[in-house]
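Chains, contacts and geometry: an overview
Single-letter residue listing:
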Amino acid sequence: MQQPGPDGGARTVSYRAAGVVLLVAHLLFVGWYVLRPLDVPWVSAPNTTPFATVRADLALGFPGAVRPLAAGLGLFAPLGVLLPLVGGRVEVSAFASLCRTTLASGVLAMLLEIAQTGVPGQRVDIDSVVLALVGTATAHLLVVPAVRRRARNRHGAPSGAFRPLRPEEENPSYSPGSPGESSQGPTPRIPRVGTAP
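1. Let's talk about the environment of Thr-48
Locating Thr-48 in the fold gives a position in the loop between helix H1 (8–35) and helix H2 (52–58). Remark: the alpha-carbon pair of Thr-48 and Asp-127, spanning 79 residues in sequence, is separated by 8.0 Å.

2. As for the nonpolar core
Judged by nonpolar contacts, Leu-23, Val-30, Val-34, Leu-75, Phe-76, Leu-79, Leu-82, Leu-85, Ala-109, Leu-112, Val-129 and Ala-132 together constitute the single largest core of 12 residues. Where this core is concerned, the elements lending two or more residues are H1, helix H3 (62–76), helix H4 (79–87), helix H5 (94–115) and helix H6 (126–155).

3. Notes on the pattern of salt bridges
A full pass over the atoms with the stated rule returns two salt bridges. Across the salt bridge formed by Arg-152 and Glu-91, the nearest N and O atoms sit 3.8 Å from each other. Here Glu-91 lies in the loop between H4 and H5 and Arg-152 lies in helix H6, a separation of 61 residues in the sequence. We classify Arg-152 as buried; its relative accessible area is 11%. Between Arg-123 and Asp-125 there is a salt bridge whose closest N-O contact spans 3.3 Å.

4. Focus: the packing of H4 against H5
For the pair H4 and H5, interaxial distance at closest approach is 10 Å and the crossing angle is 115°. H4 and H5 meet at a crossing whose hand is right-handed. Of H5, the residues touching H4 (which contributes Leu-79, Gly-80, Leu-83 and Pro-84) are Ser-97, Thr-101, Ala-104, Ser-105 and Leu-108.

5. Quick notes on H4
Along H4, the residues classified as buried are Leu-79, Gly-80, Leu-82, Pro-84 and Leu-85. The first or second residue beyond H4 is Gly-88, which carries a positive phi of 70°.

6. Focus on H5
In a regular helix each residue adds 1.5 Å, so 22 residues correspond to 32 Å; H5 covers 32 Å between its end C-alpha atoms and thus fits that length. Buried within H5 we find Ser-97, Leu-98, Thr-101, Thr-102, Ser-105, Gly-106, Ala-109, Leu-112 and Glu-113. Buried residues of H5, viewed axially, fall in a sector of 155°; they line one side. Among the exposed residues of H5, those oriented more than 90 degrees off its buried face are Leu-103, Leu-111 and Ile-114.

Reading guide: rules and limits
- Residues numbered from 1 in each chain as written.
- Predicted model: local features only at pLDDT ≥ 70, side-chain atom pairs only at ≥ 80, totals over all residues.
- Heavy atoms only, no water.
- Helix = DSSP H or I, 4+ residues; strand = E, 2+ residues; numbered from the N terminus.
- Core = buried A, V, L, I, M, F, W, Y, C linked by side-chain atoms within 4.5 Å.
- Buried < 20%, exposed > 50% of the residue type's maximum accessible area, 1.4 Å probe, protein only.
- Salt bridge = Lys/Arg side-chain N within 4 Å of Asp/Glu carboxyl O.
- Axes fitted to C-alpha atoms, helices over the stretch in contact; angles between N-to-C directions.
- Left-handed = near helix turned anticlockwise from the far one by under 90°.
- Contact = heavy atoms within 4.5 Å.
- Expected span 1.5 Å × (residues − 1).
- Arc of directions from axis to C-beta.

Geometry only, nothing functional implied.
Written as structure tokens, this is what we have:
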């Protein structure tokens with residue numbers, strides 16, 4: 001996350017660089033996990049009905065449903081934290097950040113599902129995209145707002161979108177030398193240069 005302050009630029013670069021490294025490593029793992037060929041005796045038909053696979057997993061009961069659902073939720077969950085970290089912004093709308101992060105995760109999950117059509121042993125499942133969206137959104141909501149709030153409080157940045165207007169923003173005709181305002185010195189003057197005949 002971006003850290004305001006005298007060394008905020010260096011911290012921003014280091015955090016974003018770490019985020020990029022972790023994001024690339026995670027995406028490589030996800031690509032390998034989703035697109036690796038599987039040696040299986042048979043593959044079930046593709047699922048294009050939302051929540052059909054989730055319902056089938058839940059029908060297995062507590063022990064049997066945990067592994068597939070946790071794998072589906074957890075595979076893309078780190079993107080909910082890594083994508084905002086790469087963005088490096090502290091002062092951003094929480095809702096906009098959630099929407100951008102979830103949308104990016106959903107697009108990536110959909111592209112990987114399409115790519116699975118040519119991989120032996122893998123099957124296309126729309127519920128993988130649904131679980132990716134839920135996992136990303138959950139991780140984002142659990143981690144990112146708290147980290148941004150802590151970063152703002154630590155470095156004295158305003159905690160919300162509201163900030164008091166500066167006098168020149170509130171009144172466009174404001175000048176520092178106006179009566180009732182403390183002057184910061186005379187306004188600099190640029191000498192006129194005559195034009196050649």
